[in-house]
Amino acid sequence: MTSLLSLHIHKLLLLSLLALIVVILSACLGNTKPIADIDWLDVIGEGSTALALGVWLLMILRSRPAGRVTNLLTMGLGFMFLAMWQDALDEFFRLAAGQYWESMIESILMPLGLGLLTYGVWHWHKEQLSIRMQLQKREQCFREHLWLDGLGQVSLADQVRASLRRDWHRPGQYQALLMTELRGFADFERRHGDREAEKMLRETGELLLLNLRQQDMLCRFARDRMVVLLPETTPATAFTIASELQQAVEHFSFRAAGDGARIPLRLDVGIAVRQAADSPDSLMERGHEALARASLGNGLSLVS
Amino acid sequence: MTRHARHKWLSREDKYLSAGYPLAQLLDLIPADDVALHRVLRGSGIFPDDLMNPACLISVRQVHAVVRNMRALYERHETAQRWGNRLWPGYSGALSQALAASPDLGAFLKTLSLGRFFLCPGVSPVVRLNGDYCLLYWRHLSGSDRSVCDYLAAVFSTALMAVLRENCEGIADRVLCLVRSRERSLADPLRVYLGCPVVTGAAADALIFPRSLLNQPWKNGSRRLFESGLSQAVSRLNELPAATFPEAVAAFFDEQLPQSVSLQSVAGHFDLSPASVKRYLRGEGLGLQDLQDTARLRFSLESMLIDESSNEDIARTLGMGDGTNFRRAFRRWTGQYPGELRERLRGVTLPRTERSRSDHTGSELLPGALPEYGR
């Protein structure tokens, strides 16, 4: 997070410098108002607006890499901040008549800032649509940052539960669910350590995402157990997808750190098929049951 | 009745734990791309250099402060389960040797109970034999907040199951895990890491397994190595007091069950004034009523789960009058009525047992410092 802010240090320095110049100009060209003449309600209203704009700008810079959208958002918020800053300073300094620079700062920078911010938000919207294409298999209908997984870089099972609950009564929506696990992951974790295990989780997660359809969703339940939600899918298609995922993982060359030896992987997949009396939780439960059977058998099991 | 001398209790403020184990294992789970060690150590009084200093000793309260930070900062990294997965036998000298070479679960639990101050700091493993079942409770007696206690219960349950899986075949359907917490962030991972049925919101943190499992020989066990490790460990443990004051009081409550015990009785038992009993417990962050409630809750839970007793029966045994009083008390202890817990336990089957009763007895199982509480 901090490293992203360091990318924008010049922008922040420039904005701080401009804010300082405005203060110096007001102090040099105007007279300080007596305390009794200060309208404290205006100070609070205009000052807090300027402060909020400054905080928004910092938060945006802390969360975005450099680029066109960031520049537009920075300029938009920066100009708005300067306009409100000058507005707040007005409450402390009385400028002589005929000093038009002050009203120009307020009247020109604010609409200019609003225009740049709007243009930046429009580009940000287009950027989000592109990112959305990449994230679709991880989030589908919901985005909730609290559900993002710290280990596997996909969402947690709460995302699956929310999607199931939301679309449960849409006819034919969720008929099948896959529950997957890597065979021997616990041994691998013990032998190679947590870092390598995390790497394996991330890489196999990416691999599974590549082998899923656009409408499917992959989440991590816990450890190496993943849930795949398959909308509008018949049991036969779910079976085919499950077999394809197994083959993809078997052909994947995961290489451990050190000697770089290939670690053979095998994926157990349980397929849960929805029944009339099912609820979202009971479908998930059936997925766990199917997976337990799969790991005791040949690695693939369908429970309906 | 044994009388206990004053000032022989271990306190949560006593610095006797090495900073290296088990704390360094937990800190190793901080993600590689995050250098937030100082944030994890914040408020604990431990500095990064202390972790490298073999002479530095830390207290249970400090360990729990780190655990609290770790949970808050890395909730979605399954640190409790991952820490537990590699926690035992660990790096605690002769104690770890005894754990690693335990010939069976009974011996393992005996070592765990003896070395609990080092192996599961701030939590007391309590073993009870009830009919065909053995119940292992994680009793929280450190005065830490709920989030730390829930986290530690998840750690130690995972740790024990990891050891069991390594030493026994087909263990998954022979253990039932009860989890007091209802949080999915703890319960979902537990289900996968433990591999056995997990009941959340179960009013206690416990593992239930057939009594016969205590004697079943372990694959990696060696009695000679175990006994050598244990005898060395005992000499090290003798340097510390045998128990904490809350442990001793909790054991006294358990002995007296199902009778309720007054403050005067506790004070008389320990040869202390009532004010001193309260003061000692307050120093550990606990109250006398908390301990009494915990003992009665544990009794009620077993009665419901294993003996399948009704509310009225339990109320009568505990001297609470009628079932309504018991329902109210149960709700105060757990936040739910007994019926809600029964509903939660519906469909959960206790692990299968062999009818042949084990010849394991309480005195064999646990050392004097932590008596066995079989009925």
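Residues numbered from 1 in each chain as written. Chains lettered and ligands numbered in written order. Predicted model: local features only at pLDDT ≥ 70, side-chain atom pairs only at ≥ 80, totals over all residues.

Engineer: Could you give an account of the overall build of chain B, with specific residues and numbers?
Structural biologist: From N to C terminus, chain B includes 18 helices and 9 strands. For 375 residues, the compact-globule estimate of 2.2 N^0.38 gives 21 Å, and chain B sits close to it at 20 Å. Each of the three principal axes of chain B carries a C-alpha extent, and together these read 60 × 50 × 40 Å. The 375 residues of chain B split such that 48% are buried. The long-range share in chain B, meaning contacts at least 24 apart out of those at least 6 apart in sequence, stands at 73%. (Helix = DSSP H or I, 4+ residues; strand = E, 2+ residues; numbered from the N terminus. Rg over C-alpha atoms; globule rule 2.2 N^0.38 Å. Buried ≥ 20, exposed ≤ 12 C-beta atoms within 10 Å, placed from the backbone. Contact = placed C-beta atoms within 7 Å.)

Engineer: Give a description of the overall build of chain A that names residues and reports values.
Structural biologist: From N to C terminus, chain A includes 10 helices and 10 strands. For 304 residues, the compact-globule estimate of 2.2 N^0.38 gives 19 Å, and chain A exceeds it by more than 25% at 28 Å. Based on the C-alpha atoms only, the size of chain A along its principal axes is roughly 90 × 50 × 30 Å. Counting over 304 residues, chain A shows a buried share of 35%. Considering only contacts in chain A between residues 6 or more positions apart, those separated by 24 or more positions represent 71%.

Engineer: An account of the domain arrangement of chain A is requested, with residue identities and associated values reported.
Structural biologist: Split by domain assignment, chain A resolves into domain 1 (2-136) and domain 2 (145-303). A straight line from the C-alpha centre of domain 1 of chain A to that of domain 2 of chain A covers 47 Å. (Domains from an automatic or database assignment.)

Engineer: I'd like to hear about the sheet that holds strand 8 (residues 206-210) of chain B, residue by residue, with values.
Structural biologist: Residue and element names in this part refer to chain B. The strand order across the open sheet formed by 5 strands is 4-5-8-6-7, and the pairing between neighbours is mixed. Both outer strands of the open sheet, strand 4 (123-130) and strand 7 (198-200), are each paired with one neighbouring strand and no more. Across this sheet, the average inter-strand angle for adjacent strands is 20 degrees, counted without regard to direction. Pairing of strand 6 (residues 176-179) with strand 7, which is carried by 3 bridges, proceeds in the parallel orientation. Its bridge partner lying in strand 7, C177 is registered against V198. (Pairing = 2+ DSSP bridges. Axes fitted to C-alpha atoms, helices over the stretch in contact; angles between N-to-C directions.)

Engineer: Describe the interface of chain A and chain B, and please don't skip the residues or the numbers.
Structural biologist: In this complex, chain A contributes 12 residues to the contact, which on the side of chain B involves 13 residues. Put simply, the parts of the chain that give the side of chain A that touches chain B at least two residues each are helix 6 (157-167), helix 8 (194-210) and strand 5 (217-222) of chain A. Taken together, the residues of the side of chain A that touches chain B break down into 5 nonpolar, 1 polar and 6 charged. (Nonpolar A, V, L, I, M, F, W, Y, C, P; charged D, E, K, R; others polar.)

Engineer: Account for the confidence of the model for chain A, with residues named and values stated.
Structural biologist: Of all residues in chain A, 93% attain a pLDDT of 70 or more, and the chain-wide mean is 87. Per-element confidence in chain A ranges from a low mean pLDDT of 71 for helix 1 (residues 2-6) of chain A to a high of 95 for strand 9 (residues 267-273) of chain A. (pLDDT = per-residue confidence, 0-100.)

Engineer: Tell me about the sheet that holds strand 3 (residues 155-156) of chain A, and please be specific about residues and values.
Structural biologist: Reading across the sheet, the 6 strands line up as 3-5-6-4-9-10 (chain A) and stay open at both edges, with mixed pairing between neighbours. Unpaired on one side and paired on the other, strand 3 and strand 10 (300-303) of chain A mark the two borders of the sheet. Both strand 5 of chain A and strand 6 (residues 225-231) of chain A contribute to a ladder of 5 bridges, which runs antiparallel. Across the sheet, M217 of chain A pairs through a bridge with L229 of chain A, a residue of strand 6 of chain A. Relative to the sheet, helix 9 (residues 184-194) of chain B contacts strand 5 and strand 6 of chain A, its axis offset from that of strand 5 of chain A by approximately 75 degrees.

Engineer: Now, about the environment of L156 of chain A: what can you tell me, with residues and values included?
Structural biologist: With respect to the helices and strands, the residue L156 of chain A is situated in strand 3. Using a count of 25 C-beta atoms within 10 Å as the deciding quantity, one classes L156 of chain A as buried.

Engineer: Could you give me a rundown of the domain arrangement of chain B, with the residues and numbers involved?
Structural biologist: Assigned domains of chain B: these are domain 1 (13-77) and domain 2 (243-335). Each of domain 1 of chain B and domain 2 of chain B has a C-alpha centre, and these two points are 33 Å apart.

Engineer: Can you explain helix 3 (residues 40-63) of chain A? Please cite residues and give values.
Structural biologist: Compared with the 34 Å implied by 1.5 Å per residue over 24 residues, the 34 Å span of helix 3 of chain A between its first and last C-alpha is a close match. Listing the buried residues of helix 3 of chain A in full gives E46, A50, L53, G54, L57 and L61 of chain A. (Expected span 1.5 Å × (residues − 1).)

Engineer: Explain the packing of helix 3 of chain A against helix 4 (residues 68-89) of chain A to me, using residue names and the numbers behind them.
Structural biologist: All names here are of chain A. Running from amino to carboxyl end, helix 3 crosses helix 4 at an angle of 160 degrees, the nearest separation of the two axes being 8 Å. Here helix 3 is positioned roughly antiparallel relative to helix 4, judged by the angle of their axes. Of the two possible hands of crossing, helix 3 and helix 4 adopt the one that is left-handed. Touching V43, E46, G47, T49, A50, L53, G54, W56, L57, I60 and L61 of helix 3 are L73, T74, L77, G78, M80, F81, M84, W85, D87 and A88, all from helix 4. Here the residues of the contact of helix 3 with helix 4 are counted per class, giving 14 nonpolar, 5 polar and 2 charged. (Parallel < 35°, antiparallel > 145°, perpendicular 65-115°, else oblique. Left-handed = near helix turned anticlockwise from the far one by under 90°.)

Engineer: Tell me about unusual backbone geometry, residues and numbers included.
Structural biologist: All names here are of chain B. A cis amide bond, omega 5 degrees, links Y21 with the succeeding residue P22. In this structure, P22 sits in the loop between strand 2 (17-18) and helix 1 (23-27). Residues other than glycine seldom take positive phi values, yet A203 does so here, at roughly 75 degrees. Within the secondary structure, A203 sits in the loop between strand 7 and strand 8. In this structure, D271 is a non-glycine residue whose phi angle is positive, near 60 degrees. Using a count of 11 C-beta atoms within 10 Å as the deciding quantity, one classes D271 as exposed.

Engineer: Give a description of the packing of helix 11 (residues 245-256) of chain B against helix 14 (residues 288-305) of chain B that names residues and reports values.
Structural biologist: Residue and element names in this part refer to chain B. Two elements in contact, helix 11 and helix 14, have axes whose closest approach is 9 Å; the angle formed by their N-to-C orientations is 45 degrees. Between helix 11 and helix 14, the interaxial angle falls into the category oblique. Here the hand of the crossing between helix 11 and helix 14 comes out right-handed. Residues P246, V249, A250, F253 and D254 of helix 11 pack against L291, Q292, T294 and A295 of helix 14.

Engineer: Explain the nonpolar core to me, using residue names and the numbers behind them.
Structural biologist: Ranked by internal contacts, the top residues of the largest apolar core, which has 126 residues, are L177, C219 and V227 of chain A together with V66 and C177 of chain B. The element that contributes the greatest number of residues to this core is helix 8 (residues 146-167) of chain B, accounting for 14 residues. Setting aside chain neighbours within four positions, we find C177 of chain B in contact with S157, L190, L194, C196, P197, V198 and L207 of chain B. With 20 residues, the next largest nonpolar core counts L53, L82, A83 and L89 of chain A among its residues. (Core = buried A, V, L, I, M, F, W, Y, C linked by C-beta atoms within 7 Å.)

Engineer: Could you give an account of the pairing of strand 9 of chain A, naming the residues involved and the relevant values?
Structural biologist: All names here are of chain A. In terms of residue burial, strand 9 counts as a mostly covered element, since 7 of its 7 residues are buried. Burial along strand 9 is two-sided: L267, V269, I271 and V273 facing one way and D268, G270 and A272 facing the other are all buried. Across 7 bridges, the pairing between strand 4 (residues 174-182) and strand 9 is antiparallel. Across the sheet, the residue bridging to T180 is V269, located in strand 9. Bridging between strand 9 and strand 10 involves 4 bridges; their strand directions are parallel. By the bridge assignment, V269 is partnered in strand 10 with L300.

Engineer: Just give me the short version of the confidence of the model for chain B, but keep the residues and values in it.
Structural biologist: All names here are of chain B. When pLDDT is averaged across chain B, the result is 87; 91% of the residues are at 70 or more. Every residue in residues 1-6 scores below 50 in pLDDT, and together they form 6 contacts with partners more than four places removed in sequence or on other chains. Contacts from residues 356-375, a stretch scored under 50 in pLDDT, to residues over four places away or in other chains number 39 contacts. Confidence estimates for the predicted assembly give a pTM of 0.79 and an ipTM of 0.81.

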